[in-house]
Amino acid sequence: MAKSQTNRVALIGAGPRGTSVLERLLANWAADSPPETTLLIDVVDPYPAGSGHVWQPEQSRLYLMNTQSFYPTLIPEDPQLAPPLAGGSFDQWREARRRDGRGLNDAEKAELATLESHDFPSRALYGRYLRQTLAGLLEQLPDGVEVTFHKALAVAAQPVKGEKEDGFDVELDNGETLTVGSVVLALGHIESRLNPEQRSFKSAAEEQGLRYFPPAPPADVDWQAVPDNEPVLVRGMGLNFFDVMGQLTEGRGGKFVEAGTPGTGILEYRASGREPRIIAASRRGTPYRAKAGLAGYYPSSITMRYLTEDAVDRFRAAGIQPGFDHDLWPLLHRDALWAYYSTLARSQPAAIKDPAQFLADLEDALQPHAHTTANWEVEVGNVVEKHVVASRRLNLRGLAAPLAGRTFASRRELDATITAYLDDDARRSALGEADPVKMAIGALHTGRAILKSVVADGGITDESWLGGLRGWFESFVEGLASGAPALRSEQLAALARAGVVSFVGPDPKFSVDRGAKVFRAVSPWVHDAPVEARTLVEAMSPANRVGINLSPLLEQLMADGLVRTKIMMSVEGTPMQTTGLDVEPHPYRPLAANGSITRNLYVLGLQLSASQWGTAIAAEARPRTGPAYASGQRTLRDADEIARSILGR
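None of these values were measured; they are calculated from a predicted model.

Caption draft 1: Main features of the sheet that holds strand β6 (residues 177–180). With antiparallel pairing, the three strands of this open sheet are ordered in space as β4-β5-β6. In this open sheet, the two edge strands, each paired with only one partner strand, are β4 (154–160) and β6. Strand-to-strand, the axes of this sheet are offset by a mean angle of 20 degrees, without reference to chain direction. Bridge analysis of β4 against strand β5 (residues 167–172) gives six bridges, and the strand direction is antiparallel. Residue pairing across strands places Ala156 opposite Glu171, the latter belonging to β5.

Caption draft 2: The layout of surface pockets, seen in detail. Volume-wise, the second largest pocket comes out at about 460 Å³. Lining the second largest pocket are 23 residues, and of these Arg289, Leu399, Asp424, Arg428 and Val437 sit closest to its centre. Secondary structure elements with two or more residues in the lining of the second largest pocket: α11 (396–399), α12 (411–431) and α13 (436–455). For the lining of the second largest pocket, the leading source of residues is α12, giving seven residues. Of the residues assigned to the lining of the second largest pocket, the class counts are ten nonpolar, five polar and eight charged.

Caption draft 3: Spotlight on the packing of aromatic side chains. Scanning all chains against the criterion turns up 25 aromatic pairs. With centroids separated by 5.6 Å and ring planes inclined at 55 degrees, the aromatic side chains of Phe90 and Tyr126 adopt a geometry described as tilted. Taken together, the positions of Phe90 in helix α2 (residues 90–100) and Tyr126 in helix α4 (residues 123–138) put the pair 36 residues apart, joining distant regions of the chain. Each member of the pair, Phe90 together with Tyr126, is buried. An angle of 65 degrees between the planes, with centres 5.9 Å apart, marks the rings of Trp93 and Tyr129 as edge-to-face. On the criterion of sequence distance, the pair formed by Trp93 in helix α2 and Tyr129 in helix α4 is long-range, its members being 36 residues apart. With relative accessibility at 0%, the residue Tyr129 sits in the buried group. Taken together, the aromatic side chains of Phe324, Trp329, Trp472, Phe473, Phe476 and Trp613 make up a single cluster linked through ring pairs. The aromatic ring of Trp338 is capped on one face by Arg305, whose charged end is 4.0 Å from the ring centroid. Across from the ring centre of Trp376, 4.0 Å away, lies the NZ or CZ of Arg334, which sits over that ring.

Caption draft 4: Region of the structure containing the environment of Val183. On the secondary structure map, Val183 appears in strand β7 (residues 182–185). As for Val183 and Arg599, which are separated by 416 residues in sequence, their C-alpha atoms are 9.5 Å apart. Discounting chain neighbours no more than four positions away, the residues touching Val183 are Ala10, Ile12, Phe168, Val170, Asn600, Leu601 and Tyr602.

Caption draft 5: How the structure looks around the pairing of strand β11 (residues 267–270). The side-chain alternation of β11 yields one buried face, formed by Leu267 and Tyr269, and one unburied face, formed by Glu268 and Arg270. Relative to β11, strand β10 (residues 255–258) is paired through four bridges, and the arrangement is antiparallel. Residue Val257 lies in a different strand from β11, and its bridge partner there is Glu268.

Caption draft 6: Inspection of the sheet that holds strand β16 (residues 531–533) at higher detail. The strand order across the open sheet formed by three strands is β14-β15-β16, and the pairing between neighbours is antiparallel. Two strands in the sheet have a free side with no partner beyond their single neighbour: β14 (509–513) and β16. When strand polarity is set aside, the average angle formed by the axes of neighbouring strands in this sheet is 25 degrees. Relative to β16, strand β15 (residues 518–522) runs antiparallel, the two sharing three bridges. In the sheet register, Phe519 faces β16, and the bridge partner there is Ala533. Running at roughly 30 degrees to β14, helix α5 (residues 196–208) makes contact with β14 and β15 of the sheet.

Caption draft 7: Geometry of the packing of helix α9 (residues 355–366) against helix α10 (residues 376–387). Viewed as axis vectors pointing N to C, α9 and α10 meet at an angle of 170 degrees, and their least axial separation amounts to 9 Å. Classified by the angle their axes make, α9 and α10 are roughly antiparallel. Residues Gln357, Phe358, Asp361, Leu362, Ala365 and Leu366 of α9 lie in contact with α10, whose contacting residues are Trp376, Glu379, Val380, Val383, Val384 and His387. Its residues assigned to classes, the contact of α9 with α10 comprises eight nonpolar, two polar and two charged.

Rules behind the numbers
- Residues numbered from 1 in each chain as written.
- Predicted model: local features only at pLDDT ≥ 70, side-chain atom pairs only at ≥ 80, totals over all residues.
- Heavy atoms only, no water.
- Pairing = 2+ DSSP bridges.
- Helix = DSSP H or I, 4+ residues; strand = E, 2+ residues; numbered from the N terminus.
- Axes fitted to C-alpha atoms, helices over the stretch in contact; angles between N-to-C directions.
- 1 Å grid on protein atoms, 1.4 Å probe; cavity = no way out; pocket = protein on both sides within 12 Å on 5 of 7 lines; lining within 4 Å.
- Points joined across faces, edges and corners; volume = space filled by probe spheres on them.
- Nonpolar A, V, L, I, M, F, W, Y, C, P; charged D, E, K, R; others polar.
- Phe/Tyr/Trp six-rings, centres within 6.5 Å; stacked < 30°, edge-to-face > 60°.
- Buried < 20%, exposed > 50% of the residue type's maximum accessible area, 1.4 Å probe, protein only.
- Lys NZ or Arg CZ within 6 Å of the ring centre and 35° of its normal.
- Contact = heavy atoms within 4.5 Å.
- Parallel < 35°, antiparallel > 145°, perpendicular 65-115°, else oblique.

Pasting the structure below:
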């Protein structure tokens, strides 16, 4: 039965996660609602519901999603869940709106006219999908349900004692108070405090008349405040970098066209004359590797042989909590090696002496139980050295750090090297499943989906989470498998050839010269003068760490002891504060400061980053089958569990 005759819930956050809970509440209510009961849903967000903050349809169409049209969905397709009342995947919506154009503006219709299932849509278009999907759900409200939207910020949630059930008074910044039985925190990306260096740069900019742009969602930044034709330092070369790049080039009237001269890359850039001179820096010195051109989200030619469901089940059956470096990485490492060399044998057999014998010897050397952990890599190395020409041997760690171990006599030499790297990486992406490097990365990407299920909810030791998974593997695999579409690499190479973009080099050090009134950056591996600019842009989103958040609601909940940051123990036995809240699954309810569960309060999304890995990725419309790939629609199942708990199912 439901908890009471009138069940009232507040959804704090109206982006995709909050909307998923709303959708699951409606679906479960429609499937089984007691007679003469009422469900009241209050949706609280200062941004429009559905799209929330990040996916606003009004933002620049230059911002692309990092997944193709066929991938994301707001609506589950799991037959074990209550059937949805309306809506479907983004790709289904794309096809329908392409036919009828219902509710779309001219820009959205123009994008849809050429957008195919395997193309990367704009974030603005995905935001339109989210809003229209929400509108469709609201048109199908079941009897007994009322939904009220509050365009406001929740600033506090105070526990209250009820006659039948305890609940909360949710205070809004407009002075309104909502008395509810349950609260769902689906806060998404929230602003965070700057670190000491960022605070010093912000202060120096204010004192010296410089321009400093701290970490922020790209759509929130006033890019017109970056002056024309002046140098601008951009720190960070992950996904946000390409958003900055686009706004300061195409966003200022520049055009990319097909290259007309052989040997000059895929694209040429025709400047408008308004571009700043972009000087890009990151720890690696290069952007993330581009995504491969694939027919699906994972390579169809990759079958995991070592990090498999059976391997995961063996740990569980033996009662073993696996370690990442000791147990899981060696299996995934084997899969990446096999993916690379089997693709090399298929696509470039001339690089291998006796490909058939090589693959047989390699398969034997990769057997997990044939050698000790210390020796199997040596055995594989011997097999590779015997059969594969030196120029085609895989340096897996080196893929993520293409400039490692190199020095450069000048920034001109560095720029030429990075441009060649971008051209080569885009060429490999175009080869898709015929390229050995992209298939090694494809195995890592596929394995990442398996790992998400394995490591969730304490699936690995604290030491492994801190030192292995988050300590080195996360940045390693993101640099390889979380890159932008290959188009972005082609564009960046064109900008470098045009002199619009140049690079600082690996391991850059940033400072402020107060005498010269400039920001300065220098790489120890580039023997040239430091670069200087009066503008510094942090090309990254605010840190996803609940301990340094600027959410008044989270700060109040922490101060009152209703939630706490999760603490893990390092290998040295030192307690370490993690990025997310301490929660009890399932559903995810936060632990209070005293270790008790805070009842009727639920958490979904980014603030689960200490219990789940990869919380920012959207739900997959058609995930691979099998328990090991359960992460594909994890957020939708989490939303369903929360909804059923609220409804007393």
